[in-house]
Amino acid sequence: MTKLLEVNNLSISFTQYVQGLNRHDSKVISDLTIDIDESEIVAVLGSSGSGKSLLAHSILGILPYNSNVTGEIKYKGEVLNQGLKEKLRGKEICLIPQSVNFLDPLMKVSEQAIGECKDDKEHDEKKIRQREIFNRYGLDESVDDLYPFELSGGMARKVLLSTALIGNPSLLIADEPTPGLDKKSVEETIEDIKNLKEHNKGILLITHEIDVALKTADRIAIFYSGYVIEINTAENFKNTDNILHPYSKALIDSLPRNGFKLTEGVQPLDEVSGCPYYENCPIRLDKCENNIPKLINHDGIMIRCFKYEEANDES
Ligand SMILES: Nc1ncnc2c1ncn2[C@@H]1O[C@H](COP(=O)(O)OP(=O)(O)OP(=O)(O)O)[C@@H](O)[C@H]1O
Ligand SMILES: [Mg+2]
(Lines give C-alpha, C1' and ligand atoms only; values in the text may rest on other atoms or scores of the structure.)
(Ligands and ions follow the chains in the order given, each with its own letter.)
Protein backbone atom coordinates (compact mmCIF):
# COMPACT_ATOMS: atom_id res chain seq x y z
CA MET A 1 0.00 0.00 0.00
CA THR A 2 1.21 3.52 -0.75
CA LYS A 3 2.66 5.26 2.29
CA LEU A 4 2.18 8.95 2.96
CA LEU A 5 5.94 9.45 3.14
CA GLU A 6 8.76 7.10 2.25
CA VAL A 7 12.41 7.91 2.70
CA ASN A 8 14.63 5.33 1.04
CA ASN A 9 18.40 5.04 1.55
CA LEU A 10 18.87 8.76 2.11
CA SER A 11 22.46 9.90 2.58
CA ILE A 12 23.57 13.49 3.10
CA SER A 13 27.11 14.81 3.11
CA PHE A 14 28.55 18.30 3.24
CA THR A 15 31.39 19.61 1.17
CA GLN A 16 33.64 21.83 3.20
CA TYR A 17 36.91 23.51 2.41
CA VAL A 18 39.38 22.98 5.22
CA GLN A 19 42.37 25.35 5.51
CA GLY A 20 41.55 27.16 2.33
CA LEU A 21 41.61 24.75 -0.57
CA ASN A 22 41.40 21.22 0.86
CA ARG A 23 38.00 19.86 -0.08
CA HIS A 24 36.50 17.53 2.48
CA ASP A 25 33.20 15.63 2.29
CA SER A 26 31.66 14.70 5.65
CA LYS A 27 28.75 12.28 5.75
CA VAL A 28 26.08 13.24 8.29
CA ILE A 29 23.20 10.94 7.31
CA SER A 30 23.85 7.43 6.04
CA ASP A 31 21.50 5.08 4.24
CA LEU A 32 18.43 6.30 6.12
CA THR A 33 15.12 4.51 5.52
CA ILE A 34 11.91 5.44 7.27
CA ASP A 35 8.21 5.74 6.38
CA ILE A 36 5.06 7.32 7.76
CA ASP A 37 1.48 6.31 7.10
CA GLU A 38 -1.65 8.40 7.20
CA SER A 39 -2.99 8.56 10.79
CA GLU A 40 0.42 7.70 12.15
CA ILE A 41 2.86 9.49 14.43
CA VAL A 42 6.47 8.45 14.01
CA ALA A 43 8.85 9.91 16.57
CA VAL A 44 12.53 10.32 15.88
CA LEU A 45 14.77 10.17 18.93
CA GLY A 46 18.51 10.64 18.97
CA SER A 47 21.24 12.66 20.56
CA SER A 48 22.32 16.07 19.38
CA GLY A 49 24.03 16.03 16.00
CA SER A 50 22.60 12.65 14.95
CA GLY A 51 20.97 14.14 11.83
CA LYS A 52 17.36 14.66 12.90
CA SER A 53 16.91 18.22 11.66
CA LEU A 54 18.70 17.43 8.43
CA LEU A 55 16.16 14.68 7.74
CA ALA A 56 13.39 17.26 8.28
CA HIS A 57 15.10 19.82 6.06
CA SER A 58 15.70 17.32 3.27
CA ILE A 59 11.98 16.42 3.18
CA LEU A 60 11.13 20.13 2.99
CA GLY A 61 13.85 20.87 0.41
CA ILE A 62 15.62 23.47 2.56
CA LEU A 63 19.08 21.92 2.96
CA PRO A 64 22.06 24.27 2.70
CA TYR A 65 23.72 24.73 -0.71
CA ASN A 66 26.86 22.75 0.23
CA SER A 67 24.93 19.52 0.89
CA ASN A 68 25.09 16.44 -1.35
CA VAL A 69 22.09 14.17 -1.24
CA THR A 70 21.52 10.64 -2.55
CA GLY A 71 18.53 8.33 -2.10
CA GLU A 72 14.87 8.92 -2.66
CA ILE A 73 11.95 10.56 -0.87
CA LYS A 74 8.38 9.81 -1.99
CA TYR A 75 5.19 11.55 -0.94
CA LYS A 76 1.94 9.66 -1.65
CA GLY A 77 3.92 7.44 -4.00
CA GLU A 78 5.34 10.31 -6.04
CA VAL A 79 9.05 11.15 -6.01
CA LEU A 80 9.55 14.42 -4.12
CA ASN A 81 11.84 16.43 -6.34
CA GLN A 82 12.85 19.98 -5.46
CA GLY A 83 10.00 21.50 -7.52
CA LEU A 84 7.35 19.39 -5.80
CA LYS A 85 8.87 20.07 -2.36
CA GLU A 86 8.55 23.81 -2.98
CA LYS A 87 4.99 23.41 -4.21
CA LEU A 88 3.85 21.40 -1.18
CA ARG A 89 5.88 23.25 1.47
CA GLY A 90 3.72 25.26 3.88
CA LYS A 91 0.59 23.68 2.39
CA GLU A 92 0.45 19.85 2.31
CA ILE A 93 3.75 19.46 4.14
CA CYS A 94 4.40 21.82 7.05
CA LEU A 95 7.35 22.19 9.36
CA ILE A 96 7.47 23.32 12.96
CA PRO A 97 11.12 24.36 12.86
CA GLN A 98 13.52 23.77 15.72
CA SER A 99 14.89 27.28 15.62
CA VAL A 100 12.90 30.48 16.14
CA ASN A 101 15.25 32.02 13.56
CA PHE A 102 12.82 30.66 10.97
CA LEU A 103 10.52 33.58 11.80
CA ASP A 104 10.76 36.51 9.39
CA PRO A 105 12.06 39.42 11.51
CA LEU A 106 10.36 42.03 9.30
CA MET A 107 6.84 40.65 9.34
CA LYS A 108 4.11 40.84 11.97
CA VAL A 109 3.63 37.40 13.51
CA SER A 110 -0.07 37.05 12.64
CA GLU A 111 0.65 37.77 8.97
CA GLN A 112 3.42 35.20 8.78
CA ALA A 113 1.21 32.65 10.50
CA ILE A 114 -1.52 33.27 7.91
CA GLY A 115 0.98 33.06 5.03
CA GLU A 116 0.29 33.58 1.34
CA CYS A 117 -3.37 33.62 0.30
CA LYS A 118 -4.81 33.57 -3.19
CA ASP A 119 -7.52 36.17 -2.38
CA ASP A 120 -9.18 38.18 0.42
CA LYS A 121 -11.67 35.40 1.09
CA GLU A 122 -8.92 32.89 1.85
CA HIS A 123 -7.14 35.52 3.96
CA ASP A 124 -10.27 36.18 6.04
CA GLU A 125 -10.84 32.45 6.58
CA LYS A 126 -7.25 31.89 7.65
CA LYS A 127 -7.38 34.96 9.91
CA ILE A 128 -10.24 33.33 11.87
CA ARG A 129 -8.28 30.10 12.15
CA GLN A 130 -5.14 32.00 13.17
CA ARG A 131 -7.01 33.73 16.02
CA GLU A 132 -8.52 30.43 17.20
CA ILE A 133 -5.16 28.69 17.29
CA PHE A 134 -3.30 31.65 18.83
CA ASN A 135 -5.99 31.80 21.53
CA ARG A 136 -5.61 28.13 22.27
CA TYR A 137 -1.92 28.71 22.99
CA GLY A 138 -2.64 31.78 25.12
CA LEU A 139 -1.53 34.32 22.51
CA ASP A 140 -4.08 37.14 22.81
CA GLU A 141 -4.94 39.74 20.16
CA SER A 142 -2.17 42.09 21.24
CA VAL A 143 0.34 39.48 19.97
CA ASP A 144 -0.98 39.65 16.38
CA ASP A 145 0.78 42.92 15.61
CA LEU A 146 4.07 42.08 17.26
CA TYR A 147 7.31 41.48 15.37
CA PRO A 148 9.43 38.42 16.29
CA PHE A 149 11.98 40.44 18.30
CA GLU A 150 9.17 41.47 20.65
CA LEU A 151 8.34 37.84 21.58
CA SER A 152 9.74 35.80 24.44
CA GLY A 153 11.26 32.42 23.50
CA GLY A 154 8.15 30.51 24.59
CA MET A 155 5.83 32.84 22.65
CA ALA A 156 7.97 32.48 19.53
CA ARG A 157 7.73 28.68 19.77
CA LYS A 158 3.94 28.94 20.08
CA VAL A 159 3.82 31.16 16.99
CA LEU A 160 5.85 28.59 15.02
CA LEU A 161 3.56 25.83 16.21
CA SER A 162 0.41 27.79 15.31
CA THR A 163 1.84 28.70 11.90
CA ALA A 164 2.27 25.04 10.99
CA LEU A 165 -1.22 24.11 12.24
CA ILE A 166 -2.99 26.92 10.34
CA GLY A 167 -1.63 25.41 7.13
CA ASN A 168 -3.77 22.29 7.77
CA PRO A 169 -1.07 19.95 6.41
CA SER A 170 -1.40 16.28 5.45
CA LEU A 171 2.11 15.73 6.73
CA LEU A 172 3.45 17.66 9.71
CA ILE A 173 7.12 17.59 10.55
CA ALA A 174 7.58 18.83 14.10
CA ASP A 175 11.25 19.43 14.91
CA GLU A 176 11.51 19.70 18.71
CA PRO A 177 8.15 21.45 19.18
CA THR A 178 8.05 21.41 23.00
CA PRO A 179 11.29 22.61 24.67
CA GLY A 180 10.90 25.80 26.68
CA LEU A 181 7.11 25.51 26.74
CA ASP A 182 5.13 25.54 29.98
CA LYS A 183 3.53 22.24 31.06
CA LYS A 184 0.06 23.26 29.82
CA SER A 185 1.35 24.18 26.37
CA VAL A 186 3.29 20.90 26.15
CA GLU A 187 0.06 19.02 26.89
CA GLU A 188 -1.79 21.12 24.31
CA THR A 189 0.88 20.50 21.69
CA ILE A 190 0.63 16.75 22.30
CA GLU A 191 -3.17 17.00 22.05
CA ASP A 192 -2.94 18.94 18.78
CA ILE A 193 -0.52 16.44 17.29
CA LYS A 194 -2.79 13.54 18.31
CA ASN A 195 -5.75 15.42 16.91
CA LEU A 196 -4.04 15.71 13.52
CA LYS A 197 -3.54 11.96 13.60
CA GLU A 198 -7.27 11.49 14.26
CA HIS A 199 -7.85 13.52 11.09
CA ASN A 200 -5.78 11.08 8.99
CA LYS A 201 -2.64 13.21 8.94
CA GLY A 202 0.88 11.82 9.27
CA ILE A 203 3.32 13.30 11.74
CA LEU A 204 7.08 13.06 12.01
CA LEU A 205 7.85 14.13 15.55
CA ILE A 206 11.49 14.91 16.23
CA THR A 207 12.21 15.17 19.92
CA HIS A 208 14.79 14.79 22.67
CA GLU A 209 12.01 14.15 25.14
CA ILE A 210 11.59 10.40 25.37
CA ASP A 211 8.39 10.72 27.41
CA VAL A 212 6.77 12.95 24.77
CA ALA A 213 7.63 10.29 22.17
CA LEU A 214 6.31 7.44 24.33
CA LYS A 215 3.06 9.30 25.05
CA THR A 216 2.41 10.44 21.51
CA ALA A 217 3.93 8.16 18.89
CA ASP A 218 2.84 4.93 17.26
CA ARG A 219 6.38 4.05 16.26
CA ILE A 220 9.74 5.38 17.39
CA ALA A 221 12.87 5.56 15.23
CA ILE A 222 16.20 5.80 17.00
CA PHE A 223 18.98 7.77 15.29
CA TYR A 224 22.61 7.25 16.11
CA SER A 225 25.39 9.08 14.33
CA GLY A 226 23.38 9.61 11.14
CA TYR A 227 22.04 6.04 11.04
CA VAL A 228 18.59 4.72 11.91
CA ILE A 229 19.47 1.86 14.23
CA GLU A 230 15.98 0.73 15.26
CA ILE A 231 12.33 1.43 14.41
CA ASN A 232 10.00 -0.19 16.91
CA THR A 233 6.50 0.40 18.25
CA ALA A 234 6.05 2.88 21.12
CA GLU A 235 4.32 0.03 22.95
CA ASN A 236 7.48 -2.11 22.78
CA PHE A 237 9.56 0.84 23.95
CA LYS A 238 7.70 0.80 27.25
CA ASN A 239 9.42 -2.47 28.19
CA THR A 240 13.18 -2.78 27.64
CA ASP A 241 12.84 -6.53 27.00
CA ASN A 242 11.06 -5.67 23.74
CA ILE A 243 13.73 -3.22 22.56
CA LEU A 244 16.39 -4.77 20.36
CA HIS A 245 19.32 -2.39 19.94
CA PRO A 246 21.67 -1.94 22.93
CA TYR A 247 21.75 1.84 22.35
CA SER A 248 17.94 2.06 22.33
CA LYS A 249 17.84 0.06 25.57
CA ALA A 250 20.45 2.40 27.07
CA LEU A 251 18.36 5.44 26.08
CA ILE A 252 15.33 4.08 27.92
CA ASP A 253 17.49 3.04 30.91
CA SER A 254 18.71 6.63 31.18
CA LEU A 255 15.22 7.85 32.10
CA PRO A 256 14.89 9.08 35.70
CA ARG A 257 12.32 6.37 36.53
CA ASN A 258 14.77 3.73 35.35
CA GLY A 259 17.50 5.01 37.62
CA PHE A 260 19.36 7.43 35.27
CA LYS A 261 21.67 4.67 34.07
CA LEU A 262 23.78 6.64 31.63
CA THR A 263 25.17 5.38 28.36
CA GLU A 264 28.91 5.04 27.96
CA GLY A 265 30.85 7.14 25.48
CA VAL A 266 29.70 9.52 22.77
CA GLN A 267 28.62 8.98 19.20
CA PRO A 268 31.51 9.13 16.71
CA LEU A 269 31.87 12.48 14.95
CA ASP A 270 33.96 11.16 12.05
CA GLU A 271 32.88 8.50 9.62
CA VAL A 272 33.55 5.00 10.92
CA SER A 273 34.24 1.88 8.88
CA GLY A 274 31.96 -0.37 10.91
CA CYS A 275 28.91 -0.20 13.15
CA PRO A 276 28.67 3.35 14.55
CA TYR A 277 27.93 1.92 18.03
CA TYR A 278 30.94 -0.48 17.98
CA GLU A 279 33.06 1.41 20.54
CA ASN A 280 30.34 1.39 23.19
CA CYS A 281 28.48 -1.82 22.38
CA PRO A 282 28.24 -4.50 25.09
CA ILE A 283 27.32 -7.25 22.59
CA ARG A 284 29.68 -6.42 19.73
CA LEU A 285 31.14 -9.09 17.47
CA ASP A 286 34.53 -8.96 15.72
CA LYS A 287 32.94 -8.23 12.38
CA CYS A 288 31.16 -5.13 13.75
CA GLU A 289 34.43 -3.16 13.75
CA ASN A 290 34.79 -2.99 9.98
CA ASN A 291 31.38 -3.86 8.56
CA ILE A 292 28.18 -1.83 8.72
CA PRO A 293 25.05 -3.84 9.52
CA LYS A 294 22.03 -3.32 7.28
CA LEU A 295 18.64 -2.15 8.52
CA ILE A 296 16.66 -5.40 8.51
CA ASN A 297 13.19 -6.52 9.48
CA HIS A 298 13.33 -8.82 12.52
CA ASP A 299 9.86 -9.99 13.54
CA GLY A 300 8.36 -6.71 12.34
CA ILE A 301 10.99 -4.55 14.08
CA MET A 302 13.51 -2.68 11.92
CA ILE A 303 16.95 -3.18 13.41
CA ARG A 304 20.54 -2.43 12.33
CA CYS A 305 22.64 -4.94 14.29
CA PHE A 306 24.61 -8.05 13.22
CA LYS A 307 23.24 -10.04 16.14
CA TYR A 308 19.80 -9.95 14.52
CA GLU A 309 21.13 -10.34 10.98
CA GLU A 310 22.66 -13.62 12.17
CA ALA A 311 19.46 -14.64 13.96
CA ASN A 312 17.49 -13.99 10.74
CA ASP A 313 20.03 -16.00 8.69
CA GLU A 314 19.69 -18.97 11.04
CA SER A 315 15.92 -19.05 10.96
N1 LIG B 1 25.54 23.32 6.81
C2 LIG B 1 26.23 22.34 7.39
N3 LIG B 1 27.52 22.10 7.04
C4 LIG B 1 28.21 21.11 7.63
N5 LIG B 1 27.73 20.29 8.59
C6 LIG B 1 26.47 20.48 8.98
C7 LIG B 1 25.63 21.52 8.41
N8 LIG B 1 24.40 21.46 9.01
C9 LIG B 1 24.47 20.44 9.90
N10 LIG B 1 25.69 19.86 9.88
C11 LIG B 1 26.13 18.72 10.74
O12 LIG B 1 25.24 17.62 10.54
C13 LIG B 1 25.07 16.89 11.75
C14 LIG B 1 23.60 16.66 12.01
O15 LIG B 1 22.96 17.92 12.26
P16 LIG B 1 21.43 18.06 12.70
O17 LIG B 1 21.18 19.54 12.83
O18 LIG B 1 20.56 17.30 11.78
O19 LIG B 1 21.45 17.37 14.13
P20 LIG B 1 20.22 17.12 15.11
O21 LIG B 1 20.11 15.64 15.30
O22 LIG B 1 19.02 17.86 14.64
O23 LIG B 1 20.78 17.78 16.46
P24 LIG B 1 19.98 18.58 17.61
O25 LIG B 1 19.36 17.52 18.47
O26 LIG B 1 21.07 19.31 18.33
O27 LIG B 1 19.00 19.48 16.97
C28 LIG B 1 25.76 17.70 12.84
O29 LIG B 1 26.99 17.07 13.14
C30 LIG B 1 26.00 19.05 12.22
O31 LIG B 1 27.17 19.64 12.70
MG1 LIG C 1 17.96 19.41 15.34
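Located above this text is the structure these notes cover.
The rules behind the values
Residues numbered from 1 in each chain as written. Chains lettered and ligands numbered in written order. Predicted model: local features only at pLDDT ≥ 70, side-chain atom pairs only at ≥ 80, totals over all residues. Heavy atoms only, no water. Donors = N, O, S within 2.8 Å, 3.2 Å for Na, K, Ca; no water. Helix = DSSP H or I, 4+ residues; strand = E, 2+ residues; numbered from the N terminus. Buried < 20%, exposed > 50% of the residue type's maximum accessible area, 1.4 Å probe, protein only. Arc of directions from axis to C-beta. Contact = heavy atoms within 4.5 Å. Pairing = 2+ DSSP bridges. Axes fitted to C-alpha atoms, helices over the stretch in contact; angles between N-to-C directions. Phe/Tyr/Trp six-rings, centres within 6.5 Å; stacked < 30°, edge-to-face > 60°. Lys NZ or Arg CZ within 6 Å of the ring centre and 35° of its normal.

**Here's the deal with the coordination of the magnesium ion (ligand 2)**
Around the magnesium ion (ligand 2), the donor atoms from the protein are Ser53 (OG) and Gln98 (OE1), and they sit 2.0 to 2.1 Å away. You can see Ser53 sitting in helix α1 (residues 52-60) and its partner Gln98 sitting in the loop between β6 (93-96) and α3 (109-114), a full 45 residues away along the chain. Overall, Gln98 belongs to the partly exposed group, its relative accessible area being 36%.

**A short note on helix α11 (residues 306-314)**
Turning to α11, its buried residues number three or more, namely Phe306, Tyr308 and Glu309. One face of α11 carries all of its buried residues, which in axial projection span an arc of 160°. Next to the buried residues of α11 lie β11 (296-298) and β12 (301-303).

**Brief notes about the sheet that holds β12**
Sheet architecture is open: 8 strands sit in the order β6-β7-β8-β3-β9-β10-β12-β11, paired in mixed fashion. The open sheet has two edge strands, β6 and β11, and neither has a second partner. Taken over all neighbouring pairs, the strand axes of this sheet differ in orientation by 20° on average, direction set aside. Taken together, the 2 bridges between strand β10 (residues 227-233) and β12 define a ladder with antiparallel strand orientation. Its bridge partner lying in β12, Glu230 is registered against Ile303. Sitting on the sheet, helix α6 (residues 153-166) touches β6 and β7 (171-175), and the angle it makes with β6 is about 175°.

**Some details on the packing of aromatic side chains**
Given two aromatic rings, one states the distance between the centres and the angle between the planes to describe the pair. The final tally for this structure, using the stated rule, is 3 aromatic pairs. Ring geometry for Tyr224 and Tyr277: centres 5.2 Å apart, planes at 85°, overall edge-to-face. Residue Tyr224 is located in strand β9 (residues 219-224), and its partner Tyr277 is located in the loop between α10 (246-253) and β11; the two are separated by 53 residues in the primary sequence. Neither Tyr224 nor Tyr277 differs from the other in exposure class; each is buried. With centroids separated by 5.5 Å and ring planes inclined at 65°, the aromatic side chains of Tyr247 and Tyr277 adopt a geometry described as edge-to-face. In this pair, Tyr247 is assigned in helix α10 and Tyr277 in the loop between α10 and β11, connecting sequence segments 30 residues apart. For the residue pair Tyr247 and Tyr277, the accessibility class agrees, reading buried in each case. Three or more aromatic residues joined by ring pairs form one cluster here, namely Tyr224, Tyr247 and Tyr277. Over the ring of Tyr278 we find Arg284, and its NZ or CZ is 4.5 Å from the ring centre.

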